[in-house]
2 protein chains.
Amino acid sequence: MALQQDIKVAVDAVIFGYESKGNLSVLLIKRGIEPFKDAWAMPGGLVLERESLEAAVKRELKEETGVRIDYLEQLYTFGKPNRDPRNRVISVSYFGLVRPNHFKIKGDTDAVDAKWFPVNDLPKLAFDHKKIFQMAAQRLKGKLMYQPIGFDLLSPEFPFSDLEHLYTTILGRDIDRRNFRKKIKSFGFVEETDKLHQEGSGRPAKLFKFNKQKYDTLVDDGFHFDIKFV
Amino acid sequence: MALQQDIKVAVDAVIFGYESKGNLSVLLIKRGIEPFKDAWAMPGGLVLERESLEAAVKRELKEETGVRIDYLEQLYTFGKPNRDPRNRVISVSYFGLVRPNHFKIKGDTDAVDAKWFPVNDLPKLAFDHKKIFQMAAQRLKGKLMYQPIGFDLLSPEFPFSDLEHLYTTILGRDIDRRNFRKKIKSFGFVEETDKLHQEGSGRPAKLFKFNKQKYDTLVDDGFHFDIKFV
DNA sequence: GTATATTTGTGTCAATATTACACAAACAAA
DNA sequence: TTTGTTTGTGTAATATTGACACAAATATAC
């Protein structure tokens, strides 16, 4: 009944980078071949025959950019017939969040060129990757509001202002420092240490740490993390 | 570098059915061929060469069950290498919600057999369809809490108890009638008519209607529907 | 060493939202 | 006319949110 199917399956990764005191950025690669040769695109590529989707996206990411990431979340599957001008290719997209300076990015010396771009200054993107990026950015913001993603991006012991900066950067807006602290503290999975941290001028900051074990326990007990601060 | 890829792309639909006074059910088909011959499965099948994913799932649904649905939402893409014991098949799954008695389901007279099953009494399912179903059920509940899905499932003018029943059925738990009414009314997109409706014994109920236009306006204005009642 | 700039840390009050809870009204059926 | 069933409604206690300002601790500039 159905014609013999010849559809390729690809994966793409929207990798956000966040650095203390830094901006939010996205990892892109410069395409070496047509179509869209020399345009920037999300890292990704075809899935191998006996490889899971997640394995594929991690592999491509490693090969093309040098970034190794453990946690990726599936975003959406894009499948319009003409999203690739040549063949029919559907793309299962993923997104993740890492610390850029944890990795040495493959650069001009390699066959491929990979770079971090600030999210509010992206080049023109290949295929439908602009749409993929937009969806990922929206999901990242949404996720931040009900899950404590991003604690891995901070130092094991971090001043509260780092966490605050992470949130303002990803959400792209200011938040009330006092209310934010109050809210986060009320969850009970950040713990105060007795260490202090000094950087530049200003009063030294207490260091805090994220108690993942406690967080997991809370989640198991059906706790529902939920931020709606201004 | 990469081997020639031969992966099939399929779509699957988790179609929930809700009827006034009814239970929540799911539409399944009985497989006519191996693997999993005679087992029940979600409707679905291979995507055609020049067909969008959404068109494919609607077409398969129509062909296999007779159900035509306008709104489907993408759920997740399942891609473990061995989810199909024969070939490599990845499945892009969708879910939707309809009124069962709006359709004549294809039955034993046809090549395929399709049936509604109550969600808490499902047969053993083919492939990884149990997992697909579970994910869909969870998403449906979640969605109900922040979007007024389901108003299409009610009559154009409905007693409030119908809406309440829809919610208790999908959520699988009781809710406080007074608080529910208060909350829904506060949103301002259900309007009271001056008609009454009588069914069986008991006080006649006022009829209400859903003002979709008003709802859309609110959404455009950035309104965020959000239910957390008990 | 004094003044200035910078960053951290903290509490209260008003407004709003949530939750728990019970009884009268309107009808059908017995 | 009594009984059973369903609809319709308000209030008070509690919890959450949101707005808001100033002192403490340090580095830096003079």
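Preceding this paragraph is the structure being described.
1. Side note on the overall build of chain A
And step 1. Scanning chain A from N- to C-terminus turns up five helices and 10 strands.
And step 2. The principal-axis extent of the C-alpha atoms belonging to chain A is close to 65 × 45 × 30 Å.
And step 3. Burial statistics for chain A: of 230 residues in total, 50% are counted as buried.
And step 4. Sequence separation of at least 24 residues holds for 67% of the intrachain contacts in chain A that already meet a minimum separation of 6.
And step 5. Approximately 12,300 Å² of chain A is accessible, and the part contributed by carbon and sulfur atoms is 49%.

2. A short note on the side chain of Arg88 of chain A
And step 1. Considering the arrangement of structural elements, one finds Arg88 of chain A in the loop between strand S5 (73-78) and strand S6 (89-98).
And step 2. Despite its burial, Arg88 of chain A pairs with no opposite charge, the nearest such side chain being Glu51 of chain B at 6.4 Å.
And step 3. For Arg88 of chain A, the side chain forms a polar contact with the main-chain oxygen of Gly79 of chain A, separated by 2.7 Å.

3. Remarks on the environment of Glu51 of chain A
And step 1. Here Glu51 of chain A lies in the loop between strand S4 (44-46) and helix H1 (53-65).
And step 2. Exposure remark for Glu51 of chain A: the relative accessible area of 10% places this residue in the buried category.
And step 3. In this structure, Glu51 of chain A is in contact with Ala56 and Arg59 of chain A together with Gly79, Pro81 and Arg88 of chain B, ignoring residues within four places of it in sequence.
And step 4. Within polar-contact distance, the side chain of Glu51 of chain A engages the backbone nitrogen of Leu48 of chain A at 2.8 Å.
And step 5. Engagement of the side chain of Glu51 of chain A in a polar contact is seen with the side chain of Arg59 of chain A, the distance being 2.5 Å.

4. A few points about the packing of helix H2 (residues 129-144) of chain B against helix H3 (residues 160-171) of chain B
The description of two helices packed together rests on the angle between their axes and the distance between the axes.
All names here are of chain B.
And step 1. The interhelical angle for the contact between H2 and H3, taken along N-to-C directions, is 145°, at an axis separation of 9 Å. Of the two elements, H2 crosses H3, and the hand of that crossing is left-handed. Every residue of H3 that contacts H2 at Leu140, Lys141 and Leu144 is listed here: Tyr167, Ile170 and Leu171.
And step 2. Class assignment for the residues of the contact of H2 with H3 results in five nonpolar, no polar and one charged.

5. A closer look at the protein's contact with DNA strand C
And step 1. Around DNA strand C, a shell composed of 26 residues is seen, among which Ser161, Arg177, Arg181 and Lys206 of chain A together with Lys183 of chain B lie nearest.
And step 2. At 3.1 Å from a base oxygen of DNA strand C is found a side-chain nitrogen or oxygen belonging to Lys182 of chain A.
And step 3. Separating a base oxygen of DNA strand C from a backbone N or O atom of Gly202 of chain B is a distance of 3.5 Å.
And step 4. For the surface near DNA strand C, the secondary-structure elements that each account for two or more residues are helix H4 (177-187) and strand S10 (205-210) of chain A together with helix H4 (177-187) of chain B.
And step 5. For the surface near DNA strand C, the element with the most residues is H4 of chain A, which contributes five residues.
And step 6. A class-by-class count of the residues in the surface near DNA strand C yields five nonpolar, eight polar and 13 charged.

6. What about H1 of chain A?
Residues and elements named next belong to chain A.
And step 1. Counted at 1.5 Å a residue, the expected span for H1 with its 13 residues is 18 Å, and the 18 Å between its end C-alpha atoms agrees.
And step 2. Listing the buried residues of H1 in full gives Leu53, Ala56, Val57, Glu60, Leu61, Glu64 and Thr65. Projected onto a plane normal to the axis of H1, the buried residues spread over an arc of 130° and lie on a single side.
And step 3. Count one or two residues on from H1 and you reach Gly66, which has phi positive near 90°.

7. Comments concerning the nonpolar core
And step 1. Of all hydrophobic cores here, the largest spans 44 residues; its most connected members are Val14, Phe16, Leu163 and Tyr167 of chain A.
And step 2. Contributions of two or more residues to this core are made by strand S1 (8-18), strand S2 (24-30), S5, S6, helix H2 (129-144), helix H3 (160-171), H4 and helix H5 (212-220) of chain A.
And step 3. Residues Phe16, Leu140, Ile170 and Phe229 of chain B belong to the second largest nonpolar core, which totals 43 residues.

Rules of the game
- Residues numbered from 1 in each chain as written.
- Chains lettered and ligands numbered in written order.
- Predicted model: local features only at pLDDT ≥ 70, side-chain atom pairs only at ≥ 80, totals over all residues.
- Heavy atoms only, no water.
- Helix = DSSP H or I, 4+ residues; strand = E, 2+ residues; numbered from the N terminus.
- Buried < 20%, exposed > 50% of the residue type's maximum accessible area, 1.4 Å probe, protein only.
- Contact = heavy atoms within 4.5 Å.
- Areas by Shrake-Rupley, 256 points an atom, 1.4 Å probe, with all protein chains shown as cover.
- Lys, Arg positive; Asp, Glu negative; His and termini not counted.
- Salt bridge = Lys/Arg side-chain N within 4 Å of Asp/Glu carboxyl O.
- Polar contact = N/O pair within 3.5 Å; in protein donor to acceptor, adjacent residues only side chain to side chain.
- Axes fitted to C-alpha atoms, helices over the stretch in contact; angles between N-to-C directions.
- Left-handed = near helix turned anticlockwise from the far one by under 90°.
- Nonpolar A, V, L, I, M, F, W, Y, C, P; charged D, E, K, R; others polar.
- Near = heavy atom within 4 Å.
- Expected span 1.5 Å × (residues − 1).
- Arc of directions from axis to C-beta.
- Core = buried A, V, L, I, M, F, W, Y, C linked by side-chain atoms within 4.5 Å.

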